[in-house]
Amino acid sequence: MSEIEVHHDVTTGGDLAHHYARGESRPITVVGNPVLHQPCADVTEFGDDLAQLVSDMFVSMRTASGVGLAANQIGVPLRVFVYLCPESYARSDGELWHAGHVVNPVIEVAGDETGAHPEGCLSVPGARAVVERPAQVTVRGFDLAGNPVAVPGRDLLARCFQHETDHLNGRLYIDHLTPEGRETALAEMSEPAYPVVTTDAATRP
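Bear in mind the structure is a predicted one, so any value in this text is a computation, not a measurement.

For the rest of this paragraph, the subject is the UniProt feature "active site" (unreviewed entry) in the protein chain. The feature "active site" (unreviewed entry), as given by UniProt, occupies Glu164 in the numbering adopted here. If you trace the backbone, Glu164 turns up in helix 3 (residues 155–168). Residue class for Glu164 comes out buried when judged on its relative accessible area of 3%. If sequence neighbours within four positions are ignored, Glu164 has contacts with Gly68, Leu69, Ala70, Gln73 and Phe81. Within the structure, Glu164 has its side chain in polar contact with the backbone nitrogen of Ala70 (distance 3.2 Å).

Written out as structure tokens, the structure is:
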């Protein structure tokens, strides 16, 4: 990601190069895996294991070319997510990208503005569907050292924060769709270009 300008929103225990050097890429869990469909536990210990998990998540997100990743998407049922995401849906050249992680996140909606935009998910590979969400939020939680953080976001960044926090609550973006829309999204899933933990289609909720 050296070609983009990155703003580190919260303390990350080092920059992205630090995480990429120490982290290990893990396969992505796919819709139907039970770990994706139940709320995750709060993080209560802030130490080396959490720091390693965050590094692994950054590397796994890079492998899968994602802009956000929740811990249960690599099979760990803890309330933490990472992101490397611009604010603009256009993702224009030279745009500032935001990087960080949030432990035990809580979303606070700012204002009444909403937006309906196509959304995808590494755990539902290949599918996309329009989801309406608040256009401006603040995510509150903690950093790797247990310090409180509050990160505001608009547009795509706000959507990323909400999408990843949904994951930690046991929800996927397809859970916001009508039954017909959900069925269509599941039918549109395709073979991913990154390693996954496969789930038998018959077990998908």
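Resuming the write-up.
Let us look at helix 3. Compared with an ideal rise of 1.5 Å per residue, which puts 14 residues at 20 Å, helix 3 spans 20 Å between its outermost C-alpha atoms and is within 8% of the ideal. Of all 14 residues in helix 3, 13 are buried, a share of seventy percent or more. Gly170 occupies a position one or two residues after helix 3 and carries a positive phi of about 85°.

So, about the UniProt feature "binding site: Fe cation" (unreviewed entry) in the protein chain. As recorded in UniProt, the feature "binding site: Fe cation" (unreviewed entry) lies at Cys121, His163 and His167. A maximum C-alpha distance of 10.2 Å places the annotated residues, which cover 47 residues in sequence, within one compact spot. Within the secondary structure, Cys121 is located in the loop between strand 6 (114–120) and strand 7 (128–134). Cys121 sits in the buried class, given a relative accessible area of 11%. Those residues within four positions of Cys121 in sequence are excluded, and the remaining contacts are Gln73, Ala127, His163, His167, Tyr173 and Tyr194. As for its placement among the helices and strands, His167 is situated in helix 3. Its relative accessible area of 0% is what places His167 among the buried residues.

On to the packing of aromatic side chains, then. This structure, assessed with the given rule, holds four aromatic pairs. Taken together, a centroid distance of 6.1 Å and an interplanar angle of 55° make the contact between Phe81 and Tyr83 tilted. Residue classification places Phe81 among the buried residues on the basis of a relative accessible area of 0%. Accessibility expressed as a relative area gives 0% for Tyr83, which makes it buried. Where Tyr83 meets Phe161, the ring centres are 5.0 Å apart and the plane angle is 80°; that geometry is what we call edge-to-face. Here Tyr83, found in strand 4 (residues 80–86), pairs with Phe161, found in helix 3; they are 78 residues apart in sequence, far enough to count as distant.

On the secondary structure map, Thr29 appears in strand 2 (residues 28–29). Of the residues examined, Thr29 reaches a relative accessible area of 3% and is grouped as buried. There is a polar contact of 2.9 Å between the side chain of Thr29 and the backbone oxygen of Asn72. In this view, Thr29 contacts Val35, Leu36, Asn72, Gln73, Ile74, Gly75, Ser123 and Val197; residues no more than four positions away in its chain are not counted.

Only one face of strand 9 (residues 148–154) is covered, namely the face carrying Val149, Val151 and Gly153; the face carrying Pro148, Ala150, Pro152 and Arg154 is uncovered. Here strand 8 (residues 136–142) folds back onto strand 9, and the loop between the two strands holds five residues, one of which, Gly146, carries a positive phi near 85°.

Definitions and limits used
- Here the residue numbers are simple positions, counted from 1 along each chain's written sequence.
- Where totals are concerned, whole chains, interfaces and linings use all residues; where local detail is concerned, this predicted model gives features only for residues with pLDDT of at least 70, and gives and counts side-chain atom pairs only at 80 or more.
- As a convention, hydrogens and water are excluded, and side-chain values are obtained from all of the structure's heavy atoms.
- UniProt positions are given in the numbering used here, feature names are shortened, and annotations may be inferred rather than shown by experiment.
- Helix and strand assignments follow DSSP, with helices taken as H or I runs no shorter than four residues and strands as E runs no shorter than two, numbered in order from the N terminus.
- Accessibility here uses a 1.4 Å probe with only protein chains present; expressed as a share of the type maximum, an area under 20% marks a residue as buried, one over 50% as exposed, and anything in between as partly exposed.
- For this analysis, residues touch if any pair of their heavy atoms sits within 4.5 Å.
- By the criterion applied in these results, polar contacts are pairs of N or O atoms within 3.5 Å in which, for protein atoms, one can donate a hydrogen and the other can accept it, and in which residues neighboring in sequence qualify only through two side-chain atoms.
- Expected span, for any helix, means 1.5 Å times one less than how many residues it has.
- When two rings of Phe, Tyr or Trp (its six-membered ring) have centres within 6.5 Å they constitute a pair, described as stacked for plane angles under 30 degrees, edge-to-face for angles over 60, and tilted for the intermediate range.
- Strands are labelled as partners when DSSP assigns at least two bridges between them.

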